[in-house]
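Spelled out, the chains give:
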Amino acid sequence: MLTIAPDIEVLTRFGRALADPVRCRLLLALREAPAHPADLADRLGVSRTRLSNHLACLRDCGLVVAVPVGRRTRYELADERLGHALDDLRDAVVAVASDRACAEAAQKGCC
């Protein structure tokens with residue numbers, strides 16, 4: 001049981017980051033390789049302004065870092081273990097979902 005405030009805060013930040021599909025896609029893209037914002041915006045099909053807002057959220061959550069490269073900024077995961085955590089979380093959720101699909105997901109809007 002998690003009762004230590006820092007543990008709960010860390011998981012809350014991670015949950016906030018994963019709560020938006022664009023941020024999930026950003027994290028997955030950065031799991032593959034660091035990238036510049038313009039390239040990420042094109043790859044994800046979102047405006048640069050919208051992407052910038054999501055990158056700011058992920059920076060504030062401590063999940064990504066901005067690395068100056070000449071006159072440009074490149075983004076990458078703050079720690080390579082985050083990529084592994086994303087893979088593990090996805091695998092666990094897929095395994096659980098295949099075992100226990102929520103029959104009322106559409107009505108509840110949960111799964």
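So, here is what we can say about the structure in this document. (Residues numbered from 1 in each chain as written. Predicted model: local features only at pLDDT ≥ 70, side-chain atom pairs only at ≥ 80, totals over all residues. Heavy atoms only, no water.)

## Details of the pattern of salt bridges
Part 1 of the reasoning: For the structure on display, the rule yields 6 salt bridges.
Part 2 of the reasoning: Across the salt bridge formed by R43 and E32, the nearest N and O atoms sit 2.6 Å from each other. You can see R43 sitting in helix α3 (residues 37-44) and its partner E32 sitting in helix α2 (residues 21-32), a full 11 residues away along the chain.
Part 3 of the reasoning: Taking the relative accessible area as the measure of exposure, R43 reaches 48% and is therefore partly exposed.
Part 4 of the reasoning: What emerges from the salt-bridge pattern is a single network uniting R31, D87, R90 and D91. (Salt bridge = Lys/Arg side-chain N within 4 Å of Asp/Glu carboxyl O. Helix = DSSP H or I, 4+ residues; strand = E, 2+ residues; numbered from the N terminus. Buried < 20%, exposed > 50% of the residue type's maximum accessible area, 1.4 Å probe, protein only.)

## Some remarks on the nonpolar core
Part 1 of the reasoning: Counting 23 residues, the largest nonpolar core has L27, L51 and L63 as its most contacted members.
Part 2 of the reasoning: Going through the elements one at a time, α1 (5-18), α2, α3, α4 (48-60), β2 (72-77) and α5 (80-99) are the ones with two or more residues in this core.
Part 3 of the reasoning: Broken down by element, the residue count for this core peaks at 5 residues, all from α2.
Part 4 of the reasoning: Excluding residues that lie within four positions of it along the chain, L51 makes contacts with L26, P37, L40, A41, L44 and V46. (Core = buried A, V, L, I, M, F, W, Y, C linked by side-chain atoms within 4.5 Å. Contact = heavy atoms within 4.5 Å.)

## Brief notes about the environment of C57
Part 1 of the reasoning: Residue position: C57 is located in helix α4.
Part 2 of the reasoning: A residue is classified by how much of its surface remains accessible, and C57, at 17% relative accessible area, is buried.
Part 3 of the reasoning: The spatial distance from the C-alpha of C57 to the C-alpha of A17 is 7.3 Å, given a sequence separation of 40 residues.

## Examining the pairing of β2
Part 1 of the reasoning: Inspection of the sheet shows strand β1 (residues 64-69) paired to β2 by 6 bridges, in the antiparallel sense. In the sheet register, V69 faces β2, and the bridge partner there is R72.
Part 2 of the reasoning: Between the antiparallel neighbours β1 and β2 lie 2 residues, among them G70 with a positive phi of about 65 degrees. (Pairing = 2+ DSSP bridges.)

## Quick notes on the side chain of R23
Part 1 of the reasoning: For R23, the position within the fold is in helix α2.
Part 2 of the reasoning: Lacking a salt bridge, the buried R23 has D20 as its closest oppositely charged neighbour, with an N-O distance of 4.5 Å.
Part 3 of the reasoning: Discounting chain neighbours no more than four positions away, the residues touching R23 are R16, A17, H54, C57 and L58. (Lys, Arg positive; Asp, Glu negative; His and termini not counted.)

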